[in-house]
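A closer look at the structure
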Amino acid sequence: MTDVIQKQLLMPVLALRGITVFPNLLLHFDVGRTASIHALEDAMAGGRDIFLVTQRDVSVESPGQDELFTVGTVAAVKQILRLPENNVRVMVEGKYRGRMVELLAREPYLKAVVEPMEDIPAKEANSSRTEAYIRQVYGLMERYVELSDRVTSEVYLKMLASDDPGYIADYAAQNLPMRFEDKQAILEELRPTRRIARLCRIMTREVQVLEAESELEEKLHAEMAANQRDYVLREQMKVIRRELGEDDGDDIAEYRAKVAQADLPDEVREKLEKEIRHLEKQPFGSAEAAVIRGYLDTCLELPWKVKTKERANVAAVSKALDADHYGLDKVKERILEFVAVRQLQPELKGQIICLVGPPGVGKTSIAMSVAAAMNRKLARISLGGVHDEAEIRGHRKTYIGAMPGRIIAGIRQAGSANPVLLLDEIDKVGADQRGDPASALLEVLDSEQNSTFRDHYLELPFDLSDVMFITTANTTDTIPRPLLDRMELIELGSYTDEEKLQIARRHLLPRQMQRHGLSKSQLQVSDQALRQIISGYTRESGVRVLERKLGALCRKCAMQLVQGAVKRIRITENELEAYLGIRRYHDESPKGEALVGVVNGLAWTSVGGEILEVEVNVMDGAGKLELTGNLGTVMKESASAALSFIRSRAQQLGISADFYKNKDIHVHFPEGAVPKDGPSAGVAITTAIVSALTGTPVRRDVAMTGEVTLRGRVMAIGGLREKTMAALRNGIGTVIIPADNEKDLEEIDQTVRAALKFIPVKSAEEVLAVALMNSSEVVAEHYVIPGDQAQTMGKSTAIRQ
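Just so we're clear, the structure is a prediction, and the values are computed from it rather than from any experiment. Residue positions within a chain follow its written sequence, with the count starting from 1. Restriction of local features to residues with pLDDT of at least 70 applies here, the model being predicted, together with a cutoff of 80 or more for giving and counting side-chain atom pairs; totals for whole chains, interfaces and linings are based on all residues. Working from all heavy atoms in the structure, the side-chain values ignore hydrogens and water.

1. Digging into the packing of aromatic side chains
The criterion, for reference: Two aromatic rings, drawn from Phe, Tyr or Trp (for Trp, its six-membered ring), form a pair once their centres lie within 6.5 Å of each other, and the interplanar angle then sorts them: stacked below 30 degrees, edge-to-face above 60, tilted otherwise. Starting at the N terminus, helices and strands are each numbered in turn, a helix being any DSSP run of H or I of at least four residues and a strand any DSSP run of E of at least two. A 1.4 Å probe rolled over the protein chains alone gives each residue an accessible area, and that area as a share of the maximum for its type sets the label: buried under 20%, exposed over 50%, partly exposed in between. Our definition puts a charge over a ring when NZ of Lys or CZ of Arg is within 6 Å of the ring centre and also within 35 degrees of the ring normal.
Counted under the stated rule, the structure contains 4 aromatic pairs. Where Tyr 295 meets Tyr 457, the ring centres are 5.8 Å apart and the plane angle is 55°; that geometry is what we call tilted. Taken together, the positions of Tyr 295 in helix H10 (residues 287-301) and Tyr 457 in the loop between strand E10 (453-454) and strand E11 (461-462) put the pair 162 residues apart, joining distant regions of the chain. The two residues Tyr 295 and Tyr 457 agree in class, both being buried. Taking 6.2 Å as the distance between ring centres and 90° as the angle between the ring planes, the aromatic pair formed by Phe 659 and Tyr 660 counts as edge-to-face. Taking relative accessible area as the criterion, Tyr 660 reaches 30% and is therefore assigned partly exposed. Between Lys 397 and the ring centre of Tyr 295, over which it is positioned, the NZ or CZ distance is 4.6 Å. Over the aromatic face of Tyr 660 sits the side chain of Arg 647, whose NZ or CZ is 3.6 Å from the ring centroid.

2. With respect to unusual backbone geometry
Here the amide bond leading from Glu 107 into Pro 108 is cis, since omega sits at -5°, within 30 degrees of zero. You can see Pro 108 is positioned in the loop between strand E5 (87-105) and strand E6 (110-117). Although it is not a glycine, Asn 86 adopts a positive phi angle of roughly 65°. Of note, Asn 86 is situated in the loop between strand E4 (71-83) and E5. Classification of Asn 86 by relative accessible area gives exposed; the value is 68%. In the Ramachandran plot, Glu 459 falls in the positive-phi region, its phi being about 60° despite a non-glycine side chain. Within the secondary structure layout, Glu 459 lies in the loop between E10 and E11. Of the residues examined, Glu 459 reaches a relative accessible area of 31% and is grouped as partly exposed.

3. Here's the deal with the nonpolar core
The tendency in soluble globular proteins is for nonpolar side chains to be buried side by side. Going by this rule: Take the buried Ala, Val, Leu, Ile, Met, Phe, Trp, Tyr and Cys residues and link them wherever side-chain atoms come within 4.5 Å; each set so joined is a nonpolar core. Two residues qualify as a contact provided that any one of their heavy atoms is within 4.5 Å of a heavy atom in the partner residue.
Core analysis: the biggest nonpolar cluster contains 52 residues, and Ile 335, Met 468, Leu 523 and Ile 571 have the highest contact counts within it. Considering every element that reaches this core, the biggest residue donor is helix H20 (residues 544-563), with 8 residues. Sequence-distant contacts of Ile 571, defined by excluding residues within four places in its chain, comprise Leu 523, Gln 524, Val 525, Ser 526, Ala 529, Leu 553, Cys 557, Leu 576 and Tyr 579. Grouped together as the second largest cluster of nonpolar side chains are 49 residues, Tyr 295, Ala 402, Ala 414 and Ala 440 included.

4. Overview of the sheet that holds strand E8 (residues 378-382)
Basically, it comes down to this: In this analysis, strands are considered paired if DSSP registers two or more bridges between them. Lines fitted to C-alpha atoms define the axes, with helix axes restricted to the stretch in contact, and inter-axis angles between N-to-C directions lie between 0 and 180 degrees.
Taken in spatial order, the 5 strands of this open sheet run E8-E9-E12-E7-E13, and their pairing is parallel. Edge strands, defined here as strands with exactly one partner in the open sheet, are E8 and strand E13 (488-491). Direction aside, the axes of adjacent strands within the sheet are offset by 20° on average. As paired elements, strand E9 (residues 420-424) and strand E12 (residues 468-473) share 4 bridges and run parallel to each other. Residue pairing across strands places Val 420 opposite Met 468, the latter belonging to E12.

5. Structural notes on the pattern of salt bridges
Spelled out, the test is: When a carboxyl oxygen of Asp or Glu lies within 4 Å of a side-chain nitrogen of Lys or Arg, that pair is called a salt bridge.
If you walk through the whole model with that rule in mind, you get 45 salt bridges. Residues Glu 267 and Arg 454 are paired through a salt bridge, measuring 3.4 Å at the closest nitrogen-oxygen approach. Within this pair, whereas Glu 267 is found in helix H9 (residues 266-280), its partner Arg 454 is found in strand E10, the two being separated by 187 residues in sequence. A salt bridge links Lys 330 to Glu 747; the nearest nitrogen and oxygen atoms lie 3.8 Å apart. On the criterion of sequence distance, the pair formed by Lys 330 in helix H12 (residues 329-344) and Glu 747 in the loop between strand E25 (734-738) and helix H27 (750-755) is long-range, its members being 417 residues apart. Here Lys 330 falls in the partly exposed class, since its relative accessible area comes to 45%. Residues joined in a network through salt bridges with shared partners are Arg 97, Asp 119, Asp 170 and Arg 195.

Take a look at the structure:
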């Protein structure tokens with residue numbers, strides 16, 4: 001090489017952009033410039049070497065001498081491979097360093113005079129300093145391979161096979177991804193020890209940069225690992241859902257769009273936007289995210305400002321109510337009054353009405369008709385058996401499975417902010433350790449407070465002032481007084497037989513015929529048959545059992561028509577037993593002998609009025625009073641009060657003054673399995689005891705009701721309408737009532753008033769005068785008076801006269 005170095009050579013030049021070639025090493029790279037390709041072809045064809053030198057500025061397309069570094073590498077062209085688009089891939093092998101003396105030509109390719117350069121050997125070969133540099137390079141290369149995947153372990157292993165510092169520096173610089181300026185600096189260094197020292201400095205800096213990058217990457221990975229994992233899983237879930245056809249899209253954007261489009265109060269909008277921001281921060285699939293989604297869905301489904309256009313026309317509403325129900329004049333009148341006021345004052349807030357009456361009289365159906373007649377949505381809420389306050393106000397949404405209360409759920413079901421809410425069976429609301437639902441209803445049913453009703457689940461005020469509440473109950477006795485004060489009571493009494501006939505003819509029978517596929521030409525039922533069904537197969541205040549009997553009748557007729565036995569059926573009263581069986585009830589007219597100690601009392605029950613017989617037996621004994629028949633405390637006290645009154649009037653009544661010492665009195669109310677209570681049986685107990693003590697029979701066609709005091713005064717009672725209907729059904733002709741209830745006769749059905757004789761009384765003496773028979777009546781009734789009681793008959797008769 002000494003001979004070569006002494007000469008200056010003219011050879012083709014290949015300008016490299018961003019690449020540096022070192023001696024004694026193979027390298028392949030792509031060439032695209034025309035001048036460079038010509039230079040390679042000329043060198044390959046002539047078997048000559050080529051001078052590879054790096055450009056100072058990689059952006060220069062046609063460099064001159066000033067744009068090229070001076071020092072480069074003289075290399076031999078080993079292989080040229082043609083590529084598409086006029087490119088070539090060349091493999092070269094570096095031979096020795098060279099210095100460009102002068103650039104002689106630029107066309108058709110670069111030519112220059114190159115002076116070979118030789119390494120300057122160190123004064124002390126393989127000195128300790130050089131060995132230290134070599135070891136440092138080994139360590140740095142090992143660390144570099146650990147930190148970066150851009151250099152393979154083969155490079156490190158091949159470098160370990162050499163102990164020449166110059167070759168190690170050239171080999172490392174050739175294979176490490178360093179800046180071309182740094183590689184050029186190593187190429188220009190002719191002293192091997194200084195060259196490897198420079199490489200150590202460059203590699204130290206590169207390793208430090210890689211360690212910093214690795215540390216930053218680790219920190220970033222630690223911070224984003226959880227989020228990245230969630231993101232990946234979320235994307236995978238999206239793909240899975242999309243494949244299953246369950247793609248929900250972007251929930252957050254969808255919720256924001258719904259909130260923006262909905263007509264919401266400002267407070268509600270702010271709350272929902274806050275919940276959406278909270279949801280956005282939740283990891284996918286978290287329990288809290290599911291809770292927030294459920295809350296947002298519930299709030300967005302509520303009709304905050306959605307209202308139906310109300311029909312405020314008295315004539316139209318009246319026509320609709322009459323078409324659906326027969327009778328119920330009080331209810332209809334009250335509803336029409338409300339509609340009339342709404343017609344004059346549209347801003348009138350919702351009303352709270354309580355319909356009280358026995359089962360089956362149409363309380364629930366009239367509420368449904370009111371909603372339809374007024375063009376309001378209807379939601380029915382059954383309160384029977386509700387014991388938990390959360391059923392009304394809802395649960396806090398922090399609880400698992402929380403949901404709004406029944407009021408808000410009913411509003412959501414109705415889909416409007418001004419519906420008719422039917423609170424069914426409000427008298428059957430209970431209370432236990434979980435709270436009192438009736439107390440929670442106080443705010444709901446208060447028109448002054450319910451404009452800002454807050455459900456525990458929503459935690460937002462909802463305006464209930466436009467809601468029309470209609471509640472139903474069988475009795476007001478079990479409704480708390482504060483709750484009862486908030487409602488306007490409308491009592492629905494029992495139906496008379498004539499009303500039941502009209503209801504059956506107009507509503508029940510056509511409905512059952514339609515359900516069973518029968519036309520008017522196929523089935524006809526006479527009025528007498530309907531009357532017999534009412535009196536002989538039902539015994540109720542409402543019409544539920546009547547409708548079931550009509551349904552059974554239609555089924556029997558449908559069977560005959562299908563079998564082809566007949567084509568048309570007409571049912572009269574004489575044919576009912578063939579369809580409905582033997583009559584269950586018979587008209588009870590006063591018949592048989594008048595009995596001693598047996599009195600027809602009148603009782604009110606939740607299903608209507610009933611005849612309540614009182615039986616009394618008097619026996620020799622020690623003055624014991626025994627009461628049987630499953631009696632309540634109030635009824636037992638009424639019996640004691642009646643006995644005290646009789647003792648105080650014993651002489652006037654013709655009774656032995658010491659009867660309470662030597663007579664045992666047993667008062668019994670039949671049907672002992674049925675609980676009984678109340679004060680209205682006082683006059684019946686008094687009459688029965690006097691009859692038994694005097695041996696005087698009681699008229700069979702007389703029934704009575706009234707509370708009796710110790711002084712014998714007869715006090716007012718309730719449920720007169722139902723009690724009088726029971727008397728009429730059982731064939732009673734005369735009813736004794738308290739004088740204070742005489743005003744209530746105006747509310748009794750006209751049919752009942754015409755059929756019964758009412759006798760108002762103020763004292764027990766008046767009751768006895770009417771109810772007990774005199775001696776002539778006893779003979780007319782063929783009543784045999786026991787011998788031990790015959791002596792008292794004259795006295796008792798004289799008193800009544």
